[in-house]
Structure formats: structure tokens, C-alpha cells
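Listed below are the residues making up each chain.
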Amino acid sequence: MKPEALLHPTPAGLFCPVGGFHVDPVRPVERALITHGHSDHARAGHTHVLATRQTLDIMKIRYGDDFCTSEQEAAWGEVIDVGGVNVSFHPAGHVLGSAQIALEHKDLRIVVSGDYKRGVDPTCAPFVPVSCDVFITEATFGLPVFHHPHPREEIGKLLTSLKQFPDRSHMVGAYALGKAQRVIRLIRDSGYDEPIYIHGALAKLCDYYESQGIVLGEIRPATIDKSSPDLFKGAVVVGPPSAFQDRWARRFNEPLIAFASGWMMVRQRAKQSGVELPLVISDHCDWPELLETINEVAPSEVWVTHGREEALVRWCELKGIPARPLHLVGYEDEGD
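The model shown is predicted, which means the values in this text are computed figures rather than measured ones.

This paragraph deals with the pairing of strand S11 (residues 134–139). Of all six residues in S11, six are buried; the element is thus mostly enclosed. The alternating pattern of S11 places Val134, Ile136 and Glu138 and Phe135, Thr137 and Ala139 on opposite faces, both of which are buried. Pairing between strand S10 (residues 108–112) and S11: three bridges, direction parallel. Within S11, the residue paired with Val111 across the bridge is Phe135. In this sheet, strand S18 (residues 301–307) lies alongside S11 in parallel orientation, the contact comprising five bridges. Bridge pairing links Val134 to Glu301 in S18.

Structure, rendered in C-alpha cells:
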């Protein structure tokens, strides 16, 4: 059968007509398979949701217990029959619980990778290559210019700044799910054992990571009033980037604004955001990792979703691999 008969784009997202389900739909549907908990992939309001246990738990934390009508847990590698299609979930290495979803029907296998990365990250299961006929890959950083440095080097910049500016509060912007916990763990693994303060928006997710065996060290709430800014001299404060644009951040002691994101490679983005210390730490593949993954998976065909689709499609074509962009809409870079 042709791959398009098993999976194709619709306004609601990727749809499997054989099994009667969508993958990461952007609007409420009857049956949804979810790759991971970021809000551009995991939305509330679906009738039935199939995902990993950790993704289901994260959706409950973010949307409440009634985020869907019914849920079903998928264990790693477990084959589940969904409307006659064999479905299995495999680690994507993006955030806790993130999965690639393999669909098999009539000797055809399509792998929807969701968002993924290849670098070592102790806060989630590492990416596992899955051989397939069609590999659907993101291309968030799908341009040859994107070569991300080692995250430990970037954290080293933060620790150096703490020594250079011991009186300043170091405010690290990091997305609430995945990036914040990864940054905290990277700081710990670099030898920093002082308390790390977090914005309230991170508390439930950090608690959940701890419950899953991800050690984050001593975490304290970054609660401040006008009389206590000196308590945060030389402290590391982690919060969502949006919080650093309001008065909350300005209450701290000479705040030095950092931001952990793959986009910090683009100096203009850092400058426009008022970031004094850009930290190039991404939860997506850079250009070499995208190419490495395609070579390793060795698909017969590649479909490219959100991001810089054209460059990756062109690279595949030059390598003799049929490829096409899917032009899906509604997916941003929350976990970059």
C-alpha cells in the first residue's frame, strides 16, 4: 500500500484512516496518539488518548484530570492494535516520556518521530533508532548553520558568570517541561550544589521529575518581596522565559538574564529578548544530528514536518532518498 493511505496530513494533524486515529492532533479528535507532553503536541479535549505513562501524567499536571474522556498507557516497545494498525512507542530523547510512534500495516512501517534529540540527557530515556519505510522527522534546526555546542560547555559559562558577578541574581529562562529540569540537572552534574530557586510555574513538573527518579538537588521557591532581594545575591533562579519579561524578575538583586535555548545561536534573537547570557542548550537535533539519524534509520522515504523543511528535503534528494515537506501547522518550538 502507498504510505499516504496509511498516514496523511489533515487540518487536524496527521491522520491514519485505517486505524481511525490522529497523531499529535492540533484540535480535539475522537482518538489521539500523543508523542510527548509539550502543548503544541499534547492538547486537551480528545475523547481517547494513547501515550506513554509519563506523557499521560504530564498532561494531567498541565490540563487537569479531565484532559480527555479515556486514556490508555503504552509501554516502550509494546505492540498495540488500534483499528487494525499495529502501533508501538519508542523513546525519542526529547523530554520525559517523549516517544516516537511506529505504525505498521500490510508490511509498511511509518515512524512518526515527534520532537527528538540525540544528545545525552539524564532526565529522559535516550533516542532509539527504529528502522522503517517512511521516517517522519522534525526540522526545527534543519539548516547547516546549526551546530549546537556541548551543553556542559554552556553551563560552564553560567558557572563562570556566577564567580564573576557574585552579587547578581542569575535568572535562567527555560521552558517549564523538559528544558528547566534538564538545565537544573546539568548545573548539578557540573558540581553546583547550592540551592536552586524556581518560579512557581515549574514546581509541579519538577516534583513529578523527582518522583520519576530524576534527582534535581535542593530546589526552593523563588518567592520574593520588596524587603528580601539580598537573599538571592549570587543565586541561580530558573523560570519560564515569559516570567522574565514582567516585574517579577526585576525584583531580584541586579538580575542577570540568561536563556537556555537552541535559538541562542542566533545573536539577534538574544539581543531582542534582552538576554545577557545566551546558553545554547537545545532539546532538538542540530543539523549534523538530523543527518546522522536519517542515515542510521535508513528509511526508503523521508517526510519532514515543522521547522526548516526545504533544506532537509533537498539534502535527502541529493542523497537519493525520496523526501517531501508536510507543511503541518500549529507546531511551535516550546521545547527548544
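Here we take up the packing of helix H3 (residues 151–164) against helix H4 (residues 179–189). Helices that pack against each other are described as a pair by the angle of their axes relative to one another and the distance between those axes. Running from amino to carboxyl end, H3 crosses H4 at an angle of 80 degrees, the nearest separation of the two axes being 10 Å. For the element pair H3 / H4, the angle class is roughly perpendicular. Contacts between H3 and H4 involve Pro151, Arg152, Ile155 and Leu158 from the first element and Arg182, Val183, Leu186, Ile187 and Asp189 from the second. Tallied by class, residues from the contact of H3 with H4 come to six nonpolar, no polar and three charged.

The next thing to look at is the sheet that holds strand S19 (residues 323–325). With mixed pairing, seven strands are arranged side by side in an open sheet as S7-S8-S9-S10-S11-S18-S19. Of all strands in the sheet, those bounded by a partner on one side alone are strand S7 (80–82) and S19. Pairs of neighbouring strands in the sheet enclose a mean axial angle of 25 degrees, with direction left out of account. Sheet topology places strand S9 (residues 99–105) next to S10; five bridges connect them, and they run antiparallel. For Ile101, the partnering residue across the bridge sits in S10 and is Val112. Taken strand by strand, helix H8 (residues 287–297) contacts S11 and S18, and its axis lies near 175 degrees from that of S11.

Right, let's get into the nonpolar core. Within soluble globular proteins, side chains that are nonpolar generally end up buried alongside one another. Val172, Val183, Ile187, Val236 and Val238 are the most contacted members of the largest nonpolar core, which totals 34 residues. Those elements that provide at least two residues to this core are H3, H4, strand S13 (196–198), helix H5 (203–211), strand S15 (236–239), strand S16 (256–260) and strand S17 (277–279). The leading source of residues in this core is H4, at five residues. Setting aside residues up to four positions removed in sequence, Val236 forms contacts with Leu162, His170, Val172, Ile187, Tyr192, Ile196 and Tyr197. Counting 27 residues, the second-largest nonpolar core is a separate cluster that includes Ala74, Val82, Ile110 and Val134.

As a further point, take the packing of aromatic side chains. The way to describe two aromatic rings as a pair is by their centre distance and the angle between their planes. One pass over the full model with this rule turns up eight aromatic pairs. Between the aromatic rings of Tyr175 and Phe259, the centroid separation amounts to 6.2 Å while the plane-to-plane angle is 65 degrees, which identifies the pairing as edge-to-face. Residue Tyr175 is located in the loop between strand S12 (170–173) and H4, and its partner Phe259 is located in strand S16; the two are separated by 84 residues in the primary sequence. Given the relative accessible area of 21%, Tyr175 is considered partly exposed. By relative accessible area, which is 11% here, Phe259 ends up buried. The structure contains a cluster of three or more aromatic residues connected by ring pairs, namely Tyr116, Phe127 and Phe135. When the ring centre of Phe165 is taken as origin, the NZ or CZ atom of Arg168, which lies over that ring, is 5.7 Å away.

What follows deals with the sheet that holds strand S6 (residues 68–73). On the basis of which strands lie adjacent, the open sheet formed by six strands has the order S1-S2-S3-S4-S5-S6 and mixed pairing. On the outer flanks of this sheet lie strand S1 (8–10) and S6, each paired with one strand and no other. Direction aside, neighbouring strands of the sheet carry axes that sit 35 degrees apart on average. Pairing geometry for strand S4 (residues 31–33) and strand S5 (residues 46–51), over three bridges, is parallel. The partner of Arg31 across the bridge, within S5, is His48. Together, S5 and S6 form the strand contacts of helix H2 (residues 53–63), whose direction differs from that of S6 by roughly 155 degrees.

Residue position: Gly191 is located in the loop between H4 and S13. In the structure, Gly191 is positioned 32 residues away from Leu159 in sequence and 9.5 Å away in space, judged by C-alpha atoms.

Counted according to the given criterion, the structure contains 17 salt bridges. For Glu71, the salt bridge identified is with Arg53, shortest N-O distance 2.7 Å. Of this pair, Glu71 sits in strand S6 while Arg53 sits in helix H2, and the two are 18 residues apart along the sequence. We note a salt bridge from Arg182 to Asp121, for which the minimum N-O separation is 3.8 Å. Note that Arg182 is positioned in helix H4 and Asp121 in the loop between S10 and S11, a separation of 61 residues in sequence. What makes Arg182 buried here is its relative accessible area of 4%. For Asp121, a relative accessible area of 8% corresponds to the buried category. The network of salt bridges with shared partners includes Arg53, Asp57, Lys60, Glu71 and Glu73.

What counts, and at which threshold
- Residues numbered from 1 in each chain as written.
- Predicted model: local features only at pLDDT ≥ 70, side-chain atom pairs only at ≥ 80, totals over all residues.
- Heavy atoms only, no water.
- Buried < 20%, exposed > 50% of the residue type's maximum accessible area, 1.4 Å probe, protein only.
- Helix = DSSP H or I, 4+ residues; strand = E, 2+ residues; numbered from the N terminus.
- Pairing = 2+ DSSP bridges.
- Axes fitted to C-alpha atoms, helices over the stretch in contact; angles between N-to-C directions.
- Parallel < 35°, antiparallel > 145°, perpendicular 65-115°, else oblique.
- Contact = heavy atoms within 4.5 Å.
- Nonpolar A, V, L, I, M, F, W, Y, C, P; charged D, E, K, R; others polar.
- Core = buried A, V, L, I, M, F, W, Y, C linked by side-chain atoms within 4.5 Å.
- Phe/Tyr/Trp six-rings, centres within 6.5 Å; stacked < 30°, edge-to-face > 60°.
- Lys NZ or Arg CZ within 6 Å of the ring centre and 35° of its normal.
- Salt bridge = Lys/Arg side-chain N within 4 Å of Asp/Glu carboxyl O.

So, to be careful, I would describe these as geometric facts and stop short of saying anything about function.
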